[in-house]
Amino acid sequence: MSESTGQYTELEQRLLNDFQQDLPLSPTPYADMAARLGVDEQTVLETLAGLQACGAVSRVGPVFRPNSIGVSTLAALAVPPPALERVAAWVNALPQVNHNYEREHEFNLWFVVTAADRDELDAVLDQIEAWSGCPVLDLPMLEDYFIDLGFDLNFAPQGRRQ
Amino acid sequence: MSEALATATPLDGEALEQRLIELTQQGLPLVPHPYHQLAGQLGVSSEAVMAAFRAMQARGVVRRIAAVPNHYRLGFRGNGMSVWDIPDEAVREAGREVGALDCVSHCYIRPRALPDWPYNLFAMVHGRDRDAVHEQVAAIAQILGGRVRSHDVLFSTEVLKKSGFRSAAT
């Protein structure tokens, strides 16, 4: 539960900030990171494991183009507030659902549904609609403008702990 | 996950790529030779694994290889989903312009769902707090100018689940 970034060591900050876009495809990616950071590979592996365990790093690995495997859509529900927690928990339990966010809007539950094909996706959306009693917004990506180069996490002003 | 080991013919081509996507969408193994480990799991050579990733990079299926931070956990609590109603004939150019902005991590065209949902352009805006996000959304509104029929920004109050395949969405 990090409220500030100041709690990360300098090594952790660099691991978080400096490898957001261009790890080379190499048989030894962690040794490559270690070489850039001037530490040994084991230190990188242990530090990354710690950052993953505390949730600061989502993952280290390939970032795939959406819909590279199966199909997906962004779905939203307008859930009556008293039922929100119950519906959110039920939706979360579906294996096809990820990236579920509660948002401040009439449409207050937003999540991504991924399935093998459009038929399965429709079946999942129907199931959600039937169970929740709320109509589902089905907003599949038509085009994406993906420039994402990662952005500067800007640790410096937060102070550093060595 | 062991059924691949029982496969009589070695994996290649599309089947190998599919298995590699499944195995790595949550990240590479944290071991010194992660691609060798994947090769062992799938019963193929590490050269075949590297070649499959090279091919996926060349086709754009793999956009990059990266350490992906969890911005929310790192204090970027603004996380606003800005949504825009842009005339269809102008939305692609608008998407290119907005997607190129530093504060925007993802930008998508999606269908409207009238009458409930008039917005066809989505741009994820990140900032340390809501004020920062509001400022950036105002700047985007200025850039888009008269093309904006209406817009809104939805803040997340809670991340309820974040897992699985998704790299680049919402």
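In case you missed it, the structure is sitting above this.
Definitions and limits used
- Residues numbered from 1 in each chain as written.
- Chains lettered and ligands numbered in written order.
- Predicted model: local features only at pLDDT ≥ 70, side-chain atom pairs only at ≥ 80, totals over all residues.
- Heavy atoms only, no water.
- Phe/Tyr/Trp six-rings, centres within 6.5 Å; stacked < 30°, edge-to-face > 60°.
- Helix = DSSP H or I, 4+ residues; strand = E, 2+ residues; numbered from the N terminus.
- Buried < 20%, exposed > 50% of the residue type's maximum accessible area, 1.4 Å probe, protein only.
- Lys NZ or Arg CZ within 6 Å of the ring centre and 35° of its normal.
- Axes fitted to C-alpha atoms, helices over the stretch in contact; angles between N-to-C directions.
- Parallel < 35°, antiparallel > 145°, perpendicular 65-115°, else oblique.
- Contact = heavy atoms within 4.5 Å.

### Topic: the packing of aromatic side chains
Piece 1. Within this structure, the stated rule accounts for seven aromatic pairs over all chains.
Piece 2. Seen in terms of ring centroids, Trp 90 of chain A and Trp 131 of chain A are 4.4 Å apart; in terms of plane orientation they differ by 0°. Their pairing is stacked. Of this pair, Trp 90 of chain A sits in helix H4 (residues 84-92) while Trp 131 of chain A sits in helix H5 (residues 118-132), and the two are 41 residues apart along the sequence.
Piece 3. Overall, Trp 131 of chain A belongs to the partly exposed group, its relative accessible area being 35%.
Piece 4. Summarising the aromatic geometry, the rings of Trp 117 of chain B and Tyr 119 of chain B are spaced 5.0 Å apart at their centres and angled 80° between planes, so their arrangement reads as edge-to-face.
Piece 5. We classify Trp 117 of chain B as buried; its relative accessible area is 0%.
Piece 6. Ring-pair connections join several aromatic residues into one group, and the members of that group are Phe 107 and Trp 110 of chain A together with Trp 117, Tyr 119 and Phe 122 of chain B.
Piece 7. A cation sits over an aromatic face here: Arg 110 of chain B above Tyr 108 of chain B, 4.8 Å from the ring centre.

### Digging into the packing of helix H1 (residues 10-17) of chain A against helix H3 (residues 41-53) of chain A
Residues and elements named next belong to chain A.
Piece 1. Viewed as axis vectors pointing N to C, H1 and H3 meet at an angle of 80°, and their least axial separation amounts to 10 Å. It follows that H1 is roughly perpendicular to H3 by the angle criterion. On H3, the residues touching Leu 11, Glu 12, Leu 15 and Leu 16 of H1 are Thr 43, Val 44, Thr 47, Leu 48 and Leu 51.

Just geometry here; none of it tells us what the structure is for.
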